[in-house]
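The chain contents come next:
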Amino acid sequence: MKFRSLVSVAALTLAGVAAAGAAQARDQIRIVGSSTVYPFTTAVAEQFGRSGAGKAPVVESTGTGGGMKLFCAGVGTDHPDATNASRRIKKSEFEDCKKNGVADIIELKVGFDGLTVANSKAGPDLNFTKEQIFLALAKEVPGPDGKLVANPYKNWSDIDKALPNEKIEVLGPPPTSGTRDSFLELVMEPGAEKVLADLKKSDAKAFAAAWKTIREDGAYIDAGENDNLIVQKLDANPKAVGIFGYSFLEENAAKIKGAKIDGVEPDFDTIADGKYSVSRPLFVYFKKQHIGVVPGLDKFIAEYVSEKALGEDGYLSRKGLVPLPTDQLAKVRADVEAQKPLAADAGL
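What counts, and where the lines are drawn
Residues numbered from 1 in each chain as written. Predicted model: local features only at pLDDT ≥ 70, side-chain atom pairs only at ≥ 80, totals over all residues. Heavy atoms only, no water. Domains from an automatic or database assignment. Contact = heavy atoms within 4.5 Å. Buried area = accessible area lost by both parts, 1.4 Å probe. Salt bridge = Lys/Arg side-chain N within 4 Å of Asp/Glu carboxyl O. Polar contact = N/O pair within 3.5 Å; in protein donor to acceptor, adjacent residues only side chain to side chain. Helix = DSSP H or I, 4+ residues; strand = E, 2+ residues; numbered from the N terminus. Buried < 20%, exposed > 50% of the residue type's maximum accessible area, 1.4 Å probe, protein only.

In the annotation of an unreviewed UniProt entry, the protein is listed under the name Phosphate ABC transporter substrate-binding protein, PhoT family (TC 3.A.1.7.1) and assigned to Chelatococcus sambhunathii.

1. A word on the domain arrangement of the protein
Domain boundaries in the protein define domain 1 (26–113 + 281–337) and domain 2 (114–279). Measuring from the centre of the C-alpha atoms in domain 1 to the corresponding centre in domain 2 gives 28 Å. Each partner contributes residues to the interface: domain 1 has 22 residues there, and domain 2 has 21 residues. A combined buried area of about 1400 Å² lies between domain 1 and domain 2, and 48% of that area is made up of carbon and sulfur atoms. The largest per-residue losses of area from domain 1 upon contact with domain 2 belong to Ser35, Asp113 and Val322, which jointly make up 36% of the total buried on that side. Put simply, domain 1 and domain 2 have two salt bridges between them. When the shortest N-O distance is used, the salt bridge between aspartate 181 and arginine 87 registers 2.7 Å. Inspection of the region where domain 1 meets domain 2 yields nine residue pairs in polar contact (both at pLDDT 80 or more). Elements with a minimum of two residues in the side of domain 1 that touches domain 2: α2 (38–51), α3 (64–71) and β4 (105–120).

2. Focus: the pattern of salt bridges
Scanning the entire structure with this criterion turns up 16 salt bridges. For aspartate 217, the salt bridge is made with arginine 215, and the minimal N-O distance between the two is 2.8 Å. Classification of aspartate 217 as partly exposed rests on a relative accessible area of 45%. In the salt-bridge network here, residues are joined through shared partners; they are Arg87, Glu93 and Asp181.

Here it is, written out as structure tokens:
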């Protein structure tokens, strides 16, 4: 055998070993993304593993923004198959996906979650308005002359005498988190609309900057993507409050309690019927191009949209997910089962 032939055989052998190694490294589904959706997707992954349909998927909590970056980086076994999101995919993220070859994205709207402000059971009962929360956490607020100044409020009672005379100490999600995005849009923006109505009319850009910018003087503490860590810190410090999804409140109801927002307490019924205004839809996004490539991905998706998972009495509702109305769930299930890709004009 000629030397060139020996080299070719060796190269092919090595390539085969490398390919086998790559395939072996990806005989499990990989999912990244939102810490809020993480416990729901983990529950589906565990059920999938117990069913014998395949290995339980690896689920990582990277935050919605971080998950989208990983998900949209490309197609192939080096990239995740799905990402959890506590908000809908942004147009810019959708375009990044397309640019990197992630051409067909399947959107699964899994249900609703209430965004809660909570504190220790040993702490006071709290009832906040969105205006009060904005004044507590915005980097700049109106001064005596109406112009924006660095936030001077140290205690909750500085904002309203009816609030506790305790230091403002809020543990919340980082900028990469979908929970942070939702908090800004569902709480800070409506609160700012009441406090900064004139600014909104006169300077839309300045108004947007005001509600999107959280103070950095220690009153707001970036607690990372681990919501369980926030719960632990609240349990240890009755004077602090935390921001996270309703499912974590429900799972830890023996230790913490939810604050009323505009007079409405967060619970399953108030989130489901819309009375609790700080609620949001939750999503999982899948790569259609990975179906048939990564073993079991199609079966995992089928498990996720099944009645036993997403139904009104499904195991995800027992973990705190507020299910979609029956007609919405039927439409979502039909689109996902048909592997219908998200359209560019889908209102992103």
